[in-house]
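An overview of the molecular structure
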Amino acid sequence: MSVRPITEDDLQAFVDGALDDARKAEIATYIEAHPDVSARVKSYADQRLNLRAIFDPIVDEPVPTHLNLAHMIGGRRSRRLPAWGMAAAATVLLVAGGSGGWFMRGAYQPAGQGMGMLAHEASNSYSVYASDQMRPVELRADDMPELVDWATQRLGHKPVLPDLSKSGYRLMGGRILSTSAGAGLMLMYDNDRGTRLVMLTRPMVADQNMPMTVNSEGNMPGWTWAADGMGYSLVGPMPAETLHPLADDIKQQMRTAT
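If you tally the helices and strands in the protein chain, you get nine helices and seven strands. Looking at the 258 residues of the protein chain, the share that counts as buried comes to 41%. Expressed as a percentage of contacts within the protein chain between residues at least 6 apart in sequence, the contacts between residues at least 24 apart total 58%. Surface exposure of the protein chain reaches about 14,300 Å², of which carbon and sulfur atoms provide 57%.

What follows is the structure in structure tokens.
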């Protein structure tokens, strides 16, 4: 039996048919046992079919001359490419790159969307995993050295695991997630009353150094900030003012550790 954690990348590869038979069987078993994950995978598959329906009729058409990469590079030597040309080039690259365009999309976000996107991703992570009574985290608290090593490899940054025990919350564990900026680390905490908190950490494409702000994205209250190219978002089912001291504590621990 495999001991490899099942990540968001595995789910995407399952939908794309990019797994070997053994791993595909493992993922299928996991999906069958988790209705929430099954619904999410179905939405991915539906999205894939919709994209194929849209782009299959034009996928074999030649790229227009004015959007040809060599033509655009030549044009840049004599004049600046207009804004509409940049947008068109990005669209062509997105279609031609397939799933690779999904991971590049953060590079075209306006700077003001960086914090909002992170807050939205943290809120979504809470909605998907905090209610899971069987497997809310991939690696539990007693496997934290393994999680730190795993996250360091995927994020290119050694994460800090905040200690919230003084506020009555224990670290349950965590998992690696796929985000708009690549891999992210989700940590989950709970207290003795069953209340769970989620903290998401990931690299920032935009808004690389931003003060702490209350979340206006997603359906879960929280606080989001960024420092030195890494973003942090803490969310939980309580008023934002109740979460604020916890977020301040985490931010101070991050600052002390660097």
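Moving on: the pattern of salt bridges. All told, the structure shown has eight salt bridges when counted by the stated rule. With a closest N to O distance of 2.8 Å, Arg154 and Asp9 form a salt bridge. Placement of Arg154 in helix H8 (residues 144–155) and of Asp9 in helix H1 (residues 8–16) is noted, with a sequence separation of 145 residues between them. The class for Arg154 is partly exposed, based on a relative accessible area of 37%. Residues Asp190 and Arg170 are paired through a salt bridge, measuring 2.9 Å at the closest nitrogen-oxygen approach. Residue Asp190 is located in strand E3 (residues 182–190), and its partner Arg170 is located in strand E2 (residues 170–179); the two are separated by 20 residues in the primary sequence. Judged by its relative accessible area of 10%, Asp190 is buried. Because the salt bridges share partners, they merge into one network encompassing Asp10, Arg23 and Glu26.

With 73% of its residues at a pLDDT of 70 or more, the protein chain has an overall mean of 80. When mean pLDDT is taken per element in the protein chain, strand E4 (residues 196–203) scores highest with 96 and helix H6 (residues 99–104) scores lowest with 41. The low-confidence segment residues 92–112 (pLDDT under 50) makes 19 contacts with residues lying over four places distant or belonging to another chain.

Moving on, we come to empty space enclosed by the protein. All told, the structure shown has three cavities of 30 Å³ or more when counted by the stated rule. Considered as a void within the structure, the largest cavity measures approximately 50 Å³ in volume. Together, Ile6, Thr7, Glu8, Leu11, Tyr30, Val37, Arg40, Tyr129, Glu138, Arg175, Ile176 and Leu177 line the largest cavity. Mapped onto the lining of the largest cavity, the elements with two or more residues apiece are H1, helix H3 (35–55) and E2.

This brings us to the nonpolar core. Leu197 and Leu234 are the most contacted members of the largest nonpolar core, which has 29 residues in total. Of all the secondary-structure elements, those providing two or more residues to this core are H8, E2, E3, E4, strand E6 (222–227), strand E7 (230–235) and helix H9 (240–257). Listed in part, the 17 residues of the second largest apolar core include Met115, Met188, Met220 and Val235.

One open sheet accounts for seven strands, arranged E1-E2-E3-E4-E7-E6-E5; its pairing is antiparallel. Both outer strands of the open sheet, strand E1 (139–140) and strand E5 (210–214), are each paired with one neighbouring strand and no more. Helix-sheet contacts for H8 involve E1, E2, E3, E4 and E7, and the interaxial angle to E2 is about 25°.

Another point: the environment of His34. As for its placement among the helices and strands, His34 is situated in the loop between helix H2 (21–33) and H3. When the C-alpha positions of His34 and Met134 are compared, they lie 8.5 Å apart, and in sequence the two are 100 residues distant. Ignoring any residue separated from it by four or fewer positions in sequence, one finds His34 in contact with Asp132, Met134 and Arg135.

As a further point, take H1. For H1, the complete set of buried residues consists of Glu8, Asp10, Leu11, Ala13 and Val15. Between the side-chain oxygen at the start of H1 and the backbone nitrogen of Asp9 there is a gap of 3.3 Å, and the oxygen is on Thr7. The positive-phi residue at the C-terminal boundary of H1 is Gly17, with phi of around 70°.

Reading guide: rules and limits
- Residues numbered from 1 in each chain as written.
- Predicted model: local features only at pLDDT ≥ 70, side-chain atom pairs only at ≥ 80, totals over all residues.
- Heavy atoms only, no water.
- Helix = DSSP H or I, 4+ residues; strand = E, 2+ residues; numbered from the N terminus.
- Buried < 20%, exposed > 50% of the residue type's maximum accessible area, 1.4 Å probe, protein only.
- Contact = heavy atoms within 4.5 Å.
- Areas by Shrake-Rupley, 256 points an atom, 1.4 Å probe, with all protein chains shown as cover.
- Salt bridge = Lys/Arg side-chain N within 4 Å of Asp/Glu carboxyl O.
- pLDDT = per-residue confidence, 0-100.
- 1 Å grid on protein atoms, 1.4 Å probe; cavity = no way out; pocket = protein on both sides within 12 Å on 5 of 7 lines; lining within 4 Å.
- Points joined across faces, edges and corners; volume = space filled by probe spheres on them.
- Core = buried A, V, L, I, M, F, W, Y, C linked by side-chain atoms within 4.5 Å.
- Pairing = 2+ DSSP bridges.
- Axes fitted to C-alpha atoms, helices over the stretch in contact; angles between N-to-C directions.
- Polar contact = N/O pair within 3.5 Å; in protein donor to acceptor, adjacent residues only side chain to side chain.

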